[in-house]
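What follows is each chain in one-letter form.
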Number of protein chains: 2
Amino acid sequence: MNELIEKARKLRKAAKQMAILSAEEKNSALMIMAEHLLTKKEWIITENAKDIEAGKENGFTESLLDRLLLTEERIGQIVDGVRQLIDLEDPIGETIEAWERPNGLQIETIRVPLGVIGMVYEARPNVTVDAGSLCLKAGNAVLLRGSSSAIHSNKALVHVMHEALAETAIPVDAVQLLEDTSRETASEMFKLNQYLDVLIPRGGAGLIQTVIQNATVPVLETGVGNCHVFIDETAKENMAIDIAINAKLHRPSVCNAAETVLIHKNWPFADELLSSFHDRGVELRGDTELTSTYSFVKPATEEDWSSEFLAPILAVKQVSDVKEAIDHIDHYGTKHSEAIISENPDNVRLFFQTIDAAVLYHNASTRFTDGEQFGYGAEIGISTQKLHARGPMGLRALTTTKAIVRGTGQIRS
Amino acid sequence: MNELIEKARKLRKAAKQMAILSAEEKNSALMIMAEHLLTKKEWIITENAKDIEAGKENGFTESLLDRLLLTEERIGQIVDGVRQLIDLEDPIGETIEAWERPNGLQIETIRVPLGVIGMVYEARPNVTVDAGSLCLKAGNAVLLRGSSSAIHSNKALVHVMHEALAETAIPVDAVQLLEDTSRETASEMFKLNQYLDVLIPRGGAGLIQTVIQNATVPVLETGVGNCHVFIDETAKENMAIDIAINAKLHRPSVCNAAETVLIHKNWPFADELLSSFHDRGVELRGDTELTSTYSFVKPATEEDWSSEFLAPILAVKQVSDVKEAIDHIDHYGTKHSEAIISENPDNVRLFFQTIDAAVLYHNASTRFTDGEQFGYGAEIGISTQKLHARGPMGLRALTTTKAIVRGTGQIRS
């Protein structure tokens, strides 16, 4: 039996045990896991150094090496993340709805774990613990498939997690690292419907598309955000500029950062807005209305309107009204997060009603599309698909339901 | 541009219009659709006769021809189904949750249509209207991909639906029939993520697996039910026998019918139960304990325990206790519907807590796993997967959510 099937079977079995654990048992296990990670941090850093070494030999970029790196401080952050899960309410066992049928049947839907989750991610060893512990908190078993370039770090982290779980009610087998990081085995994993209930890819667009294209196991799609900020005619000057700057520049490399700002042609502060971006070193790419007025705005190509730059580059466009803004967003958007800055309630209503996206904002930055910012306490990703969960996904996104029906001998007539 | 892409584009556009329709507009459209279907029933029957004729020429079985057949009575039933949708509450626009964040952001999640749904089904022309009208009621546009053997019936039904919609607020383009029923085009449809939000296959296990294996568009999986009835030591004689008979024989061809009855070895009424089945012409296949006692019980093969017979055949097995019953169900079940007949609350609790299935029953027939029986008013299928919807799926399963965030200039720090 190969490693994948062997581990998948163990996970299936562990998932059964996980499903009946109490919140206290899971929380106590997370506490012990946090302690072990702290105690073993030096060894983890030593193992991580092997990946860093190999990365350098393979000519990894500085930013890639930085993602891979574990330091004492970063392990501290990982441990804090695990501890924060302890305070979150356990979603398992919650009654979602309960009702009685005319024939006397009592129906109750309750929240239960998904079962076995397959996490597929890139060279960020923190995901091993972040995602792993989140899955456990929601009562799931988890198969971790990280990058070969982080294999020493991942093995060390999972080794420590196993040592910790051995002292707890959570079965050690509930966390498994797939050490065979070949493409063939990944393909096999993506089709393992018999053992895996869901796949969650975390990483760049390429990784996510690979999983979607090859999976038969249901996928929780996270991903691309080509987010827009539309500044309406009535938008307040400072509010609009602050929000646009924040949405673009607070953290340009993430999916909820803005990529295009649409400016109503009658809004009087376009000068101030564009200068603010220019002064901050943002490359502006605009339509002809803007390039003809502002020498520092370069012409935008068709591709720019649909680009997720993830960099200090911003597409800017003048629009005649809210409808043109909506049409632009409909055409180029990725249904992630879209904002309108306006003092006109009718336009806000139209924007909210018409645009099909996970999260819509009025007078706030798109950067709030985030599990913690939404108050979910932790986040497994931001769903850009419409099934199961849409937008920021917290613990509940890692659960499913079960209907319990209590009768007194009812049969169907 | 081929037919598929052309229709998919029209659907995408229609979906935008659908999303902002009021409940009244949708209901009035359904009413008009029902009237048109009644007015044109004779023409529909004439068109259906062409499919029946072709089916006979192609040597279709009686049961296949029966599925294909539209009669005045059956069209009446289809029309009744459409009319029943009118009374159902419109799920669109419903506030699911609303909360405020410490920074003053007001977050509200509301229910919105999925968008464009791809229905994939077999030679049952009633699905064209049943599923089509259900999708419309939930504010979706729908691409119908039926069987080539029902093409004349489907074209006629969609033609009448189009004539009706032309008089209503629902855009005519919101319902499209894919007339090209080739496998190649089906494969293309299953990967049309740009235009389709979800695929719903309705039919046999083969069809469902084909969709799952080939789709990149998310699939709402419906399907196989290898359902069990476990009769515990304390089960009441008549209740247990009535439920077992009902679960097996009320409609043996459907997924919520029971396929195996597990009998506690100390339950005193096994004779009566097995004779009741035997007297009703049910073929019994059992383990050695039962075959050695009852001459009319044939030996069960390993395959029998995992079979969805969909016929008057029943697997029967003696078990030592509730745990053995649970283990058997875990091993052979399909996580659909499982029942325990018992007067022992501890055993019921263990059964409910331990078994991983969409619906669990105490002292009731598995036949209640059904949208109408659950009180959903209509059903698009019974989900056997864990994402999005599990168990009977009503109108809500055809919706997703959208988060609306209202701010006063909040930016992320």
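Residues numbered from 1 in each chain as written. Chains lettered and ligands numbered in written order. Predicted model: local features only at pLDDT ≥ 70, side-chain atom pairs only at ≥ 80, totals over all residues. Heavy atoms only, no water.

Student: What exactly am I supposed to notice about the pattern of salt bridges here?
Tutor: Residues and elements named next belong to chain B. A complete count under the given rule lists 52 salt bridges over all chains for this structure. Glu 108 is the partner of Arg 406 in a salt bridge, and the nearest nitrogen-oxygen pair spans 3.0 Å. Of this pair, Arg 406 sits in strand 16 (residues 399-410) while Glu 108 is found in strand 2 (residues 106-113), placing the two residues 298 residues apart along the sequence. The exposure class of Arg 406 is partly exposed, given its relative accessible area of 38%. Its salt-bridge partner being Glu 283, residue Arg 285 comes within 2.8 Å of it at the nearest N-O pair. Arg 285 sits in the buried class, given a relative accessible area of 19%. (Salt bridge = Lys/Arg side-chain N within 4 Å of Asp/Glu carboxyl O. Helix = DSSP H or I, 4+ residues; strand = E, 2+ residues; numbered from the N terminus. Buried < 20%, exposed > 50% of the residue type's maximum accessible area, 1.4 Å probe, protein only.)

Student: How do you make sense of the packing of helix 10 (residues 237-249) of chain A against helix 11 (residues 270-279) of chain A when you look at a structure like this?
Tutor: Geometrically, a packed helix pair is captured by the angle between its two axes and the distance between the axes. Residue and element names in this part refer to chain A. Relative orientation of the contacting elements helix 10 and helix 11 amounts to 30 degrees, with a least axis distance of 10 Å. What the angle tells us is that helix 10 and helix 11 run roughly parallel. For helix 10 against helix 11, the interelement crossing comes out right-handed. Here helix 10 contributes Glu 237, Ile 241, Ala 244, Ile 245 and Lys 248 to the contact with helix 11, which in turn contributes Glu 272, Leu 273, Ser 276 and Phe 277. In the contact of helix 10 with helix 11, the residues fall into five nonpolar, one polar and three charged. (Axes fitted to C-alpha atoms, helices over the stretch in contact; angles between N-to-C directions. Parallel < 35°, antiparallel > 145°, perpendicular 65-115°, else oblique. Left-handed = near helix turned anticlockwise from the far one by under 90°. Contact = heavy atoms within 4.5 Å. Nonpolar A, V, L, I, M, F, W, Y, C, P; charged D, E, K, R; others polar.)

Student: Before we go on, may I ask you to explain the state of the cysteines in this structure?
Tutor: Structurally, a disulfide amounts to a covalent bond that connects the sulfur atoms of two cysteines. If you walk through the whole model with that rule in mind, you get zero disulfides over all chains. With no disulfide of its own, B:Cys135 has B:Cys255 as its nearest cysteine by sulfur position, at a separation of 18 Å. (Disulfide = S-S within 2.5 Å.)

Student: Help me out: how do you make sense of the environment of B:Arg367 in this one?
Tutor: Here B:Arg367 is to be found in the loop between strand 13 (359-364) and helix 16 (371-374). In this structure B:Arg367 comes out as buried when scored by relative accessible area, which is 3%. Measuring from C-alpha to C-alpha, the distance between B:Arg367 and B:Thr234 comes to 22 Å, with 133 residues separating the pair along the chain. Ignoring any residue separated from it by four or fewer positions in sequence, one finds B:Arg367 in contact with A:Arg412, B:Asn246, B:Ala247, B:His250, B:Arg251, B:Val254, B:Asn256 and B:Ala257.

Student: Just to check I follow, could you spell out the relation of the copies chain B and chain A for this structure?
Tutor: For these two chain copies, the linking operation is a rotation about an axis paired with a shift along it. Taken as rigid bodies, chain B and chain A are interconverted by a rotation of 180 degrees and an axial shift of 0.0 Å, the fit giving an RMSD of 0.0 Å. Accordingly, the operation relating the two chain copies is best matched by a two-fold axis. Rotation axis and chain B: the residue whose C-alpha lies nearest the axis is B:His388, separated from it by 1.7 Å. The overlap is high: 100% of the interface residues of chain B also sit at the interface in chain A, so the same surface is used on both sides. (Least-squares fit on C-alpha atoms with pLDDT ≥ 70 in both.)

Student: Could you clarify how one ought to interpret the domain arrangement of chain A in this entry?
Tutor: Reports of interface size often rely on the accessible area that becomes lost once the parts have come together. Structurally, chain A comprises domain 1 (3-220 + 391-406) and domain 2 (227-368). Relative placement of domain 1 of chain A and domain 2 of chain A: their C-alpha centres are 36 Å apart. (Domains from an automatic or database assignment.)

Student: Explanation requested: the interface of chain B and chain A in the structure shown.
Tutor: Each partner contributes residues to the interface: chain B has 73 residues there, and chain A has 73 residues. Taken over both partners, the interface formed by chain B and chain A buries close to 5800 Å², and the fraction arising from carbon and sulfur atoms is 52%. Broken down residue by residue, the surface that chain B buries against chain A is led by B:Lys386, B:Leu387 and B:Arg412, which jointly contribute 14%. At the junction of chain B with chain A, the criterion picks out eight salt bridges. (Buried area = accessible area lost by both parts, 1.4 Å probe.)

Student: How should I be thinking about the pairing of strand 11 (residues 313-319) of chain B in this particular structure?
Tutor: Looking down a regular strand, the side chains alternate between one sheet face and the other. Residue and element names in this part refer to chain B. With respect to burial, strand 11 is a largely interior element, six of its seven residues being buried. Pairing of strand 8 (residues 258-264) with strand 11 involves five bridges; the strand directions are parallel. Looking at strand 11, one finds that Thr 260 is bridged to Ala 315. (Pairing = 2+ DSSP bridges.)

Student: Where do I start with the sheet that holds strand 16 (residues 399-410) of chain A in this structure?
Tutor: Two modes of strand pairing occur in sheets, parallel and antiparallel, and in both the strands are linked by backbone hydrogen bonds. The strand order 1(A)-2(A)-16(A)-13(B)-12(B)-7(B)-8(B)-11(B)-9(B)-10(B) describes an open sheet built from 10 strands, whose pairing is mixed. The open sheet has two free edges, formed respectively by strand 1 (95-100) of chain A together with strand 10 (297-299) of chain B, since each of these has just one partner strand. The sheet shows a mean angle of 25 degrees between the axes of neighbouring strands, taken without regard to direction. Two strands pair when backbone bridges link them, and strand 7 (residues 227-231) of chain B and strand 8 of chain B are joined in this way by five bridges, in the parallel orientation. Bridge pairing in strand 8 of chain B links B:His228 to B:Thr260.

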